[in-house]
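# Close look at the chain arrangement
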Amino acid sequence: KGDLIGARSAYERALNATEDPAVLNKVKNKIEALNIDILFSPIIDDCSVIYVVKPKDTLINIAHRFHTTVPLIKRANGLKGDIIHPKQNLKVNTCKFSIAVDKSQNLLFLKRNDTIIKTYLVSTGKNNSTPVGKFKVVNKLKNPVWFKAGAVVPPNSPDNVLGARWIGLDTKGYGIHGNRDENEIGKQVTQGCIRMKNKDVEELYDIIPIGTEVIIVD
């Protein structure tokens, strides 16, 4: 109880001890939930370190130094604001994140050091319009405005298809974003972007830094 790393290890052993598909799926979901709980907690694992804050440090420059994000540092350390103090101990992620998207299954895989730590159900493009290949995250926006042909749709509009977050890729007009109708998640219905549940894209947004590699396959 309270030992998240120990619980994850126990579930990993259980995963290797069964071939029942229903049990495998249930155990996999437990492991992935624990992965995120550990990531967003002060627990130090093999992908994190304790960083001692130095004078003139800010969360932004610490995040840049470790190629991580300010929101991830804040979540992991229970910080409510951006103020930090010299000699303060902060958990900081040190491992590289990447993303893989499988269009045939409408699944997005978050990887850390090439190991899948979380699987998300997504929507992809109708008529095979989501591009395939290797891309990078080039920008991130909270509550994005949607610029559609002949109109500007504000973030709070029910007509805004981008939802709560935008994660832009280095191919013009394409990205990963939230949604306005969760009933469409898991289907090939978009104009080519990758659409997620808002709570999922908010989680992903906080974890991945600019420059994260995104591989999309058929």
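Refer to the preceding data block for the structure.
Per chain, the residues get numbers from 1 upward, laid out in the order the sequence is written. Residues qualify for local features only when their pLDDT is at least 70, as the model is predicted, and side-chain atom pairs are given and counted only at 80 or more; totals for whole chains, interfaces and linings, by contrast, use all residues. To obtain the side-chain values, all non-hydrogen atoms of the structure were included, while hydrogens and water were left out.

## Section: the state of the cysteines
This is how the line gets drawn: Cysteine sulfur atoms are paired as a disulfide whenever they fall within 2.5 Å. Note on conventions: DSSP H or I runs of at least 4 residues are helices, E runs of at least 2 residues are strands, and numbering of each starts at the N terminus. Three exposure classes are used, based on accessible area relative to the maximum for each residue type with a 1.4 Å probe and protein chains only: buried under 20%, partly exposed in between, and exposed over 50%.
Scanning the entire structure with this criterion turns up one disulfide. Shown here is the disulfide that connects Cys47 with Cys95, its sulfur atoms set 2.0 Å apart. Judged by the torsion about the S-S bond (-85 degrees), the Cys47/Cys95 disulfide is left-handed. One end of the pair, Cys47, is in the loop between helix H2 (21–39) and strand S1 (48–52); the other, Cys95, is in the loop between strand S2 (89–93) and strand S3 (97–102), and 48 residues separate them in sequence. We note that Cys47, like Cys95, is buried.

## Re the side chain of Ser48
Cut-off, in case you're wondering: Any pair of nitrogen or oxygen atoms within 3.5 Å is treated as a polar contact; in protein, a donor-acceptor pairing is required on top of that, and neighbouring residues in sequence qualify only through side-chain atoms on both sides. The contact rule is simple, with two residues in contact once any of their heavy atoms fall within 4.5 Å.
With respect to the element layout, Ser48 can be found in strand S1. Within polar-contact distance, the side chain of Ser48 engages the backbone nitrogen of Asp45 at 3.0 Å. With near-sequence residues (within four places) excluded, Ser48 lies in contact with Ile43, Lys91, Val92, Asn93 and Thr94.

## Section: the nonpolar core
Formally: Residues belong to one nonpolar core when they are buried, are Ala, Val, Leu, Ile, Met, Phe, Trp, Tyr or Cys, and are joined through side-chain atoms within 4.5 Å.
Core analysis: the biggest nonpolar cluster contains 26 residues, and Ile99, Leu108, Leu110, Ile176, Leu204 and Ile208 have the highest contact counts within it. Elements supplying a minimum of two residues to this core: H2, S3, strand S4 (107–112), strand S5 (115–121), strand S7 (133–142), strand S10 (165–169), helix H5 (198–207) and strand S14 (213–217). Here the element with the most residues in this core is H5; it accounts for four residues. Those residues within four positions of Ile99 in sequence are excluded, and the remaining contacts are Leu108, Phe109, Leu110, Ile176, Leu204, Ile208, Thr212, Glu213, Val214 and Ile215. With ten residues, the next largest nonpolar core counts Val53, Leu59, Ala63 and Val92 among its residues.

## Structural notes on the layout of surface pockets
Regions of empty space are outlined by a rolling probe, equal in size to a water molecule, passed over the atoms. As a reminder of what qualifies: Here a cavity denotes grid points, spaced 1 Å and computed from the protein atoms alone, that fit a 1.4 Å probe unable to get out, and a pocket denotes an open set having protein on both sides within 12 Å along at least 5 of 7 lines; residues with an atom within 4 Å of a point are the lining. Grid points are joined across faces, edges and corners, and a volume is the space filled by probe spheres set on the points. Asp, Glu, Lys and Arg are counted as charged, while Ala, Val, Leu, Ile, Met, Phe, Trp, Tyr, Cys and Pro are counted as nonpolar; the rest, among them Gly, fall into the polar class.
As a volume, the largest pocket reaches approximately 440 Å³. Taken together, 16 residues form the lining of the largest pocket, with Trp146, Val161, Leu162, Gly173 and Cys193 sitting closest to its centre. When contributions to the lining of the largest pocket are tallied by element, the ones reaching two or more residues are strand S8 (146–148) and strand S12 (188–190). In the lining of the largest pocket, the residues fall into ten nonpolar, four polar and two charged.

## Overview of unusual backbone geometry
Although it is not a glycine, His67 sits at a positive phi angle of roughly 50 degrees. Along the chain, the position of His67 falls in the loop between helix H3 (59–66) and helix H4 (70–77). Within the chain, Asn113 stands out as a residue other than glycine whose phi angle is a positive 50 degrees. Its place among the elements puts Asn113 in the loop between S4 and S5.

## Looking at the sheet that holds S7
Which entries qualify depends on this criterion: Should DSSP find at least two bridges between two strands, the strands are taken to pair.
Pairing within the open sheet is mixed, and its eight strands lie in the order S5-S4-S3-S14-S7-S10-S11-S13. Lying at the two open borders of the sheet, with one neighbouring strand each, are S5 and strand S13 (194–195). Where strand S11 (residues 175–177) meets S13, two bridges bridge the pair, whose relative direction is parallel. Bridging across to S13, Ile176 finds its partner in Ile194.

## Regarding the packing of H3 against H4
Put simply, the test is: Geometry is summarised by axes, namely lines fitted to C-alpha atoms with helices restricted to the contacting stretch, and by angles between N-to-C directions that run from 0 to 180 degrees. Here roughly perpendicular refers to angles of 65 to 115 degrees, roughly parallel to angles under 35, roughly antiparallel to angles over 145, and oblique to all remaining angles.
Relative orientation of the contacting elements H3 and H4 amounts to 105 degrees, with a least axis distance of 9 Å. The orientation of H3 with respect to H4, classified from their angle, is roughly perpendicular. The segment H3 lies against H4, with Leu59, Ile60, Ile62 and Ala63 engaging Val70, Ile73 and Lys74.

## Some remarks on empty space enclosed by the protein
In the structure shown here, the tally under the stated rule is one cavity of 30 Å³ or more. One number sums up the size of the largest cavity: a volume of about 60 Å³. As for the largest cavity, its lining consists of Leu39, Cys47, Ser48, Thr68, Leu72, Ile73, Ala76, Lys91, Val92, Asn93 and Arg112. Those elements giving two or more residues to the lining of the largest cavity turn out to be H4 and S2. Broken down by class, the residue content of the lining of the largest cavity amounts to six nonpolar, three polar and two charged.

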